[in-house]
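Each chain is listed here by its residues.
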Amino acid sequence: MKILAFETSCDDTAVAIVENGTKVLASVRVSQLEHDKYGGVVPEIAARLHSENWRGTLEECLNLAGISEKEIDALAVTNGPGLQTSLFTGTTAASFLSLLCQKPLIPVHHIFGHMSSIWLDQNPAKFSRNLSSNLNLNKSPSKLELISEKFPVLVLTVSGGHTEFFLQKNMTDVVRLGGTLDDAAGEAFDKVAKMLGLGYPGGPIVGNRAEDGDREKYKFPQPMLGKESLDFSFSGVKSAVYREIEAEKKKYENFAGFSQNFINDVCASFEKTVAEIFIKKIKRAIAQNPEVKAVHFVGGVSANEYLRKNLAKFIESQGRELQIPAKFEYCTDNAAMIGSAAFWLYQKNSEIAKIQYVDANSRLKI
Ligand code: KG4
Ligand code: ZN
């Protein structure tokens, strides 16, 4: 089953074609560099660029996959959550194609999309060490039961717009365990970068600068929010970084910019703090859900090498494995993950795929 998917929930216009939830035939993404000068995404600009870019992105995707529109079995689109005007360009484009080409359209929750990014270009069977499944990716895995042995898993989805914990009981059955009460972790990375004048998006830049810094130099808070809580809070960490930055400025009578060492040390200490918060929360989540067989780490922040390394080490010490998307491009927003998610949703209930107009919902609940 070949699904043509659209993702426009924030500032990337993305189109992909995915076969049977796992095989990516083409995945194209056009980023919007115009937001750089504002230090964050401007919704009005994002919507304008999506509507300018979507047709070109679609054509490039079909060309890359080398298939015609006739070979597409269904369409998929992110219908929320995200920026309303950005979502709206994607849902309008996909709905228009559904009605015009008479193709069924499957709406997909953005975070369930991130959760499904783990299956892209991977054989689900390989995920469980003790799995005897003979799942063959060249054939359609028509029964979700084939891969049910690898569940339940703990999923940490971390990006610019969300930081959430889920217990995934099977491919489409997810229970939310907790999430951020204020800033998302990616947002905190972006704000730290902005305070240090490093540009946007800040995550990759902070990650690079941290490599040359002293991780012990500054101590930032690690809010645990009570003994049992699986929620997160990053606004206090961000404020502590802000106070350190202001104190540094005050040290000099004629402040002329931060030293490279200061920038690197703040980035390194901040990154270490985020890693320790995640590790402590994962430890708690496993203790509360000892049946989990693995931990999945997805979303833009899962591209971070330091976090990957440290989380993997800890999770292995707990007798479980850390799983991450097969490619960096599947961590950040992309349409392939939406094509994968749509396939699993369709496997569960084929009635969700209809020739239809799908509305955008910026506050869609999972
Ligand atoms: O998943 P995503 O593309 O968009 C949302 O759904 O929000 O995530 C974007 C976020 C940004 O905050 C960006 O700074 C962060 O992911 N990010 C990173 C890295 N690459 C992207 N954060 C830390 N380290 C990275 N290497
Ligand atoms: Zn996202």
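Since the structure is predicted, the reported quantities are computational estimates derived from the model, not experimental observations. (Residues numbered from 1 in each chain as written. Chains lettered and ligands numbered in written order. Predicted model: local features only at pLDDT ≥ 70, side-chain atom pairs only at ≥ 80, totals over all residues. Heavy atoms only, no water.)

1. Here's the deal with the coordination of the zinc ion (ligand 2)
- Around the zinc ion (ligand 2), the protein contributes the donor atoms His110 (NE2), His114 (NE2) and Asp333 (OD), which lie 2.0 to 2.1 Å from the metal centre.
- Classification of the site at the zinc ion (ligand 2) as irregular follows from its four donor atoms and the range of 93 to 143° in their angles at the metal.
- Counting residues between consecutive donors of the zinc ion (ligand 2) along the chain gives the motif H-x3-H-x218-D. Of this pair, histidine 110 and histidine 114 both sit in helix α3 (residues 110–116), four residues apart, which is roughly one turn of that helix.
- Its relative accessible area of 5% is what places histidine 110 among the buried residues.
- Classification of histidine 114 as buried rests on a relative accessible area of 0%. (Donors = N, O, S within 2.8 Å, 3.2 Å for Na, K, Ca; no water. Tetrahedral: all angles 85-135°; square planar, octahedral: opposite > 155°, others 65-115°. Helix = DSSP H or I, 4+ residues; strand = E, 2+ residues; numbered from the N terminus. Buried < 20%, exposed > 50% of the residue type's maximum accessible area, 1.4 Å probe, protein only.)

2. Considerations on the nonpolar core
- Of all hydrophobic cores here, the largest spans 50 residues; its most connected members are Leu156, Leu196, Phe234, Phe270, Phe278, Ile282 and Leu311.
- Of all the elements in the fold, those that place two or more residues in this core are β6 (153–158), β7 (163–170), α4 (185–195), α5 (202–210), α6 (235–250), α7 (260–288), β9 (294–298) and α8 (305–317).
- Of the residues forming this core, the biggest block, 14 residues, is contributed by α7.
- The residues touching phenylalanine 278, leaving out its near neighbours within four places in the chain, are Leu156, Val158, Thr163, Ala185, Phe232, Phe234, Leu307 and Leu311.
- Membership of the second largest hydrophobic core comes to 33 residues, among which are Ile3, Val153, Ala294 and Ala341. (Core = buried A, V, L, I, M, F, W, Y, C linked by side-chain atoms within 4.5 Å. Contact = heavy atoms within 4.5 Å.)

3. Structural notes on the environment of alanine 184
- Along the chain, alanine 184 falls in the loop between β8 (173–179) and α4.
- Assessed through its relative accessible area of 1%, alanine 184 is described here as buried.
- Those residues in contact with alanine 184, other than ones at most four positions away along the chain, are Ser159, Gly160, Gly161, His162, Thr163 and Phe234.

4. Notes on the environment of histidine 35
- Tracing the backbone through its elements, the reader meets histidine 35 in the loop between β3 (23–31) and α1 (43–65).
- We classify histidine 35 as buried; its relative accessible area is 0%.
- For histidine 35, the residues in contact, after removing those within four places along its chain, are Asp11, Gly40, Val41, Val42, Ile45 and Ala46.

5. Some words on the environment of glutamate 216
- Tracing the chain through its elements places glutamate 216 in the loop between α5 and α6.
- The partly exposed category is assigned to glutamate 216, whose relative accessible area is 45%.
- For the pair glutamate 216 and glycine 186, spaced 30 residues apart in sequence, the C-alpha to C-alpha distance is 21 Å.
- A polar atom in the side chain of glutamate 216 sits 3.1 Å from the side chain of lysine 272. (Polar contact = N/O pair within 3.5 Å; in protein donor to acceptor, adjacent residues only side chain to side chain.)

6. Quick word on the packing of α5 against α7
- Contact geometry for α5 and α7: axes closest at 7 Å, N-to-C directions at 110°. Taken together, α5 and α7 sit at an angle that is classed as roughly perpendicular. Between α5 and α7, the residues in contact are Val206, Gly207, Arg209 and Ala210 and Gln260, Ile263, Asn264, Cys267, Ala268, Phe270 and Glu271, respectively.
- Class assignment of the residues belonging to the contact of α5 with α7 gives a composition of six nonpolar, three polar and two charged. (Axes fitted to C-alpha atoms, helices over the stretch in contact; angles between N-to-C directions. Parallel < 35°, antiparallel > 145°, perpendicular 65-115°, else oblique. Nonpolar A, V, L, I, M, F, W, Y, C, P; charged D, E, K, R; others polar.)

7. Considerations on the site of ligand 1
- In the vicinity of ligand 1, 20 residues are found, and the nearest of them are Gly160, Gly161, Asp190, Gly203 and Asp333.
- Interatomic distance of 2.9 Å between a backbone N/O atom of glycine 160 and an oxygen atom of ligand 1.
- Take glycine 186: an N or O atom from its main chain is 3.1 Å from an oxygen atom of ligand 1.
- Taken by itself ligand 1 offers 560 Å² of open surface, and the protein chains cover 88% of this.
- Of all the elements in the fold, those that place two or more residues in the shell around ligand 1 are α3, α4 and α5.
- Partitioned by chemical class, the residues of the shell around ligand 1 number six nonpolar, twelve polar and two charged. (Near = heavy atom within 4 Å. Areas by Shrake-Rupley, 256 points an atom, 1.4 Å probe, with all protein chains shown as cover.)

8. Focus: the side chain of arginine 215
- With respect to the secondary-structure elements, arginine 215 resides in the loop between α5 and α6.
- In this structure the side chain of arginine 215 is engaged in a polar contact, spanning 3.3 Å, whose partner is the backbone oxygen of alanine 268.
- Side-chain polar atoms of arginine 215 contact the side chain of glutamate 271, separated by 2.9 Å.

9. Considerations on the packing of α6 against α7
- Axis separation between α6 and α7 bottoms out at 11 Å; the angle between their running directions is 165°. In this view, α6 runs roughly antiparallel relative to α7, as classed from their interaxial angle. Crossing handedness for the pair α6 and α7: right-handed. Of the residues in α7, those touching α6 at Val237, Val241, Glu244, Ile245 and Glu248 are Phe262, Val266, Phe270, Thr273 and Ile277. (Left-handed = near helix turned anticlockwise from the far one by under 90°.)

10. Topic: the sheet that holds strand β2 (residues 12–19)
- With respect to topology, five strands assemble into an open sheet ordered β3-β2-β1-β4-β5, the strand pairing being mixed. Only two strands of the sheet have a single partner each, and these edge strands are β3 and β5 (105–109). Taking the axes of each pair of neighbouring strands and ignoring which way they run, one obtains an average angle of 20° across the sheet.
- Inspection of the sheet shows strand β4 (residues 74–80) paired to β5 by five bridges, in the parallel sense. Pairing of valine 77 across the sheet is with proline 107, part of β5. (Pairing = 2+ DSSP bridges.)

11. What about helix α9 (residues 336–348)?
- Taking 1.5 Å of rise per residue, 13 residues should cover 18 Å, and α9 covers 19 Å from first to last C-alpha, within 8% of that figure.
- Contacts from the buried residues of α9 go to β1 (2–7), β2, β3, β4, β5 and α3. (Expected span 1.5 Å × (residues − 1).)

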